[in-house]
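Residue-level listing of the chains:
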Amino acid sequence: MGDDTTPMGESSVPNSNSDGNVTTETGESSIEALARRIQESLTVEKRHKFWETQPVGQFKDVGDGNLPEGPIEQPTPLSEVKQEPYTLPEAYEWVTCDMDTKEMCDEVYKLLANNYVEDDENMFRFNYSKDFLQWALRPPGYYKSWHIGVRVKASRKLVAFITGVPARIRVRGDVITMAEVNFLCVHKKLRSKRLAPVMIKEVTRRVHLENIWHAAYTAGVVIPTPIATCQYWHRSLNPKKLIDVGFSRLGPRMTMSRTIKLYKLPDSPVTPGFRKMELRDVPAVTRLVRGYLSQFVVAPDFDDNDVEHWLLPKENVVDGYVVESPVTHEITDFCSFYTLPSTILGNPNYSTLKAAYSYYNVATKTSLIQLMNDALIVAKKKDYDVFNALDIMENESFLKELKFGPGDGKLHYYLYNYRLRNPLKTSELGLVVSAIIVVARLQSHLLPAAAKGLR
Ligand SMILES: CCCCCCCCCCCCCC(=O)SCCNC(=O)CCNC(=O)[C@H](O)C(C)(C)COP(=O)(O)OP(=O)(O)OC[C@H]1O[C@@H](n2cnc3c(N)ncnc32)[C@H](O)[C@@H]1OP(=O)(O)O
């Protein structure tokens, strides 16, 4: 966890310079900073025995402007793709997880609830709901064969999991069918036995069998080689609980009552025409989102079916709101967030942290700041404790203004079998994976500039 006495300006939080380039406090561009971090980690870190064998950008090639952008390996004929699954140790077997059945959903839910991502200090663990898992794993055109588990033969216990879902992702001008790979999990008792590389190779094989040769994924760990590294920001909605459970700390010279006052929000959204998205809004939202995402270097290529699946509200999974002009009835703005609670480990008073994660947001008539303030207002009304956002897309334009504070978590984005010449600035990324991979906590609860206004 970060040091709560660190003033915000002294962290390595990126700023924008006058050209709109993201720079750190030392004046480095984010690309230079990433290249430097990778070089540093190379000198002190181990090699990556598995990742060095894969068609991904390699650390040694960072900054080599001579390598071409695009696919690293060409597709092989389907007849040459390995037909049988990879071999597992004798005691284990593969299972294709049918997420339509309640029994399978329960098993996957339990494996993840007990073994999935935790924060560095093991205080919180993601607790994806079963509804969320079904949503994340069954988008249009999904393949059951890409939902892969490993069981112990003797006990039938599910001990590992990895998934892919199909996604059309645009990289600059090219729309590429990819797998979005997620939910890689190995039971705590089976860690460090090199099971993860086998899981990754098996999902790769099954993706290849569908004639798909690229993938996108995110992780909290650095492996060869991120296309971008983002930071989480957190907006307290229920500061007292966040402090009580150790998600954040009371800032220096702040009292609880001043902190509560600092984060107070109006009772209802302020933008006229702000309402929940409905099925009839899908074409308008698709138009808005497609138009907005076209400015980013890497972004999903959503059609109406994707928007209906990913953005139409589903209770306790995903929320979407539109602004409908009271005069013309045109849909002018859209915002969304998804619901991903975390289990609070070992706290006698609270068991769950209810977190909203900013998803896709498009402001054309109102400002992005006002739109996101309305998103915060509805999230608070629905009893979320915290609203999280990455510093991707145009999010930096509202984070500080709306009293988000930087978190201690970094999220790295990756492409499989696709090379980019240089790492991207976070503002060039237009992709939010539906399940974020880092449990991050607020570095400091106090926003010195904002708090000053209260004095
Ligand atoms: C064309 C289609 C392609 C499809 C595939 C695209 C690629 C998809 C890639 C997957 C995207 C997943 C996206 C998500 O879901 S990210 C979420 C990951 N899950 C968790 O963090 C949950 C808690 N942790 C665990 O369950 C385990 O620690 C995991 C399973 C993560 C590793 O298990 P374990 O700790 O027992 O390790 P090992 O001894 O078996 O294996 C060690 C090797 O595994 C490499 N490793 C460790 N963590 C990750 C990671 N998050 N992404 C990629 N590689 C990872 C590691 O660098 C090392 O390789 P190398 O450094 O020696 O080379």
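The model shown is predicted, which means the values in this text are computed figures rather than measured ones.

### A few points about the overall build of the chain
- For the chain, the count of helices and strands is 11 helices and 19 strands.
- Counting all 455 residues of the chain, 56% fall into the buried class.
- Contacts in the chain between residues far apart in sequence, at least 24 positions, make up 77% of those at least 6 positions apart.
- In the form shown here, the chain has an accessible surface area of approximately 19,800 Å², with 51% of it arising from carbon and sulfur atoms.

### A few points about the sheet that holds strand E4 (residues 124-126)
- Judged by pairing direction, the sheet is antiparallel, and its three strands sit side by side in the order E4-E14-E15 without closing on themselves. This sheet does not close on itself; its edge strands, each paired only once, are E4 and strand E15 (352-353).
- Strand direction decides the pairing type here: strand E14 (residues 342-344) and E15, joined by two bridges, are antiparallel. Bridge pairing links Ser342 to Leu353 in E15.

### Structural notes on the site of the ligand
- Around the ligand sit 35 residues in total, of which His48, Trp51, Leu184, Ser192 and Ala196 are the nearest.
- Within the contact set of the ligand, an oxygen atom lies 3.2 Å away from a backbone nitrogen or oxygen of Phe183.
- Among the elements of the structure, strand E7 (174-186), helix H4 (195-208) and strand E8 (215-219) are those that each provide at least two residues to the shell around the ligand.
- With eight residues, H4 is the largest single contributor of residues to the shell around the ligand.

### Observations regarding the domain arrangement of the chain
- Under the domain assignment, the chain is made up of domain 1 (3-10 + 26-118 + 126-217) and domain 2 (229-454).
- Approximately 5,200 Å² of surface area, both sides summed, lies buried where domain 1 meets domain 2, with 59% of it carried by carbon and sulfur atoms.
- Inspection of the domain 1/domain 2 interface yields three salt bridges.
- A salt bridge links Arg168 to Asp306, with the shortest nitrogen-to-oxygen separation between them at 2.9 Å.
- Inspection of the domain 1/domain 2 interface yields 19 residue pairs in polar contact (both at pLDDT 80 or more).
- Within the residue set of the side of domain 1 that touches domain 2, elements represented by two or more residues are helix H1 (30-44), helix H3 (130-137), strand E6 (158-171), E7 and E8.

### Looking at the confidence of the model for the chain
- Here the chain averages 89 in pLDDT, and 85% of its residues register 70 or above.
- Across residues 1-26, where pLDDT falls below 50, the model places 50 contacts with residues more than four positions away in sequence or in other chains.

### Some details on the side chain of Asn373
- Here Asn373 is to be found in helix H9 (residues 368-381).
- In this view, Asn373 contacts Leu265 and Leu402; residues no more than four positions away in its chain are not counted.

### Things to note about the packing of helix H2 (residues 102-115) against H3
- Where H2 contacts H3, the axes come no closer than 10 Å and their chain directions differ by 105°. What the angle tells us is that H2 and H3 run roughly perpendicular. For the pair H2 and H3, the contacting residues are Cys105, Asp106, Val108, Tyr109 and Leu112 in the first and Lys130, Leu133 and Gln134 in the second.
- Residues belonging to the contact of H2 with H3 are distributed by class as follows: five nonpolar, one polar and two charged.

### Section: the UniProt feature "domain: Glycylpeptide N-tetradecanoyltransferase C-terminal" (unreviewed entry) in the chain
- UniProt's feature table lists "domain: Glycylpeptide N-tetradecanoyltransferase C-terminal" (unreviewed entry) at residues 244-422, given in the numbering used throughout.
- The span residues 244-422 carries 26% helix and 28% strand; its end-to-end C-alpha distance comes to 42 Å.

Conventions used here
- Residues numbered from 1 in each chain as written.
- Predicted model: local features only at pLDDT ≥ 70, side-chain atom pairs only at ≥ 80, totals over all residues.
- Heavy atoms only, no water.
- Helix = DSSP H or I, 4+ residues; strand = E, 2+ residues; numbered from the N terminus.
- Buried < 20%, exposed > 50% of the residue type's maximum accessible area, 1.4 Å probe, protein only.
- Contact = heavy atoms within 4.5 Å.
- Areas by Shrake-Rupley, 256 points an atom, 1.4 Å probe, with all protein chains shown as cover.
- Pairing = 2+ DSSP bridges.
- Near = heavy atom within 4 Å.
- Polar contact = N/O pair within 3.5 Å; in protein donor to acceptor, adjacent residues only side chain to side chain.
- Domains from an automatic or database assignment.
- Buried area = accessible area lost by both parts, 1.4 Å probe.
- Salt bridge = Lys/Arg side-chain N within 4 Å of Asp/Glu carboxyl O.
- pLDDT = per-residue confidence, 0-100.
- Axes fitted to C-alpha atoms, helices over the stretch in contact; angles between N-to-C directions.
- Parallel < 35°, antiparallel > 145°, perpendicular 65-115°, else oblique.
- Nonpolar A, V, L, I, M, F, W, Y, C, P; charged D, E, K, R; others polar.
- UniProt positions renumbered as here; feature names shortened; annotations may be inferred.

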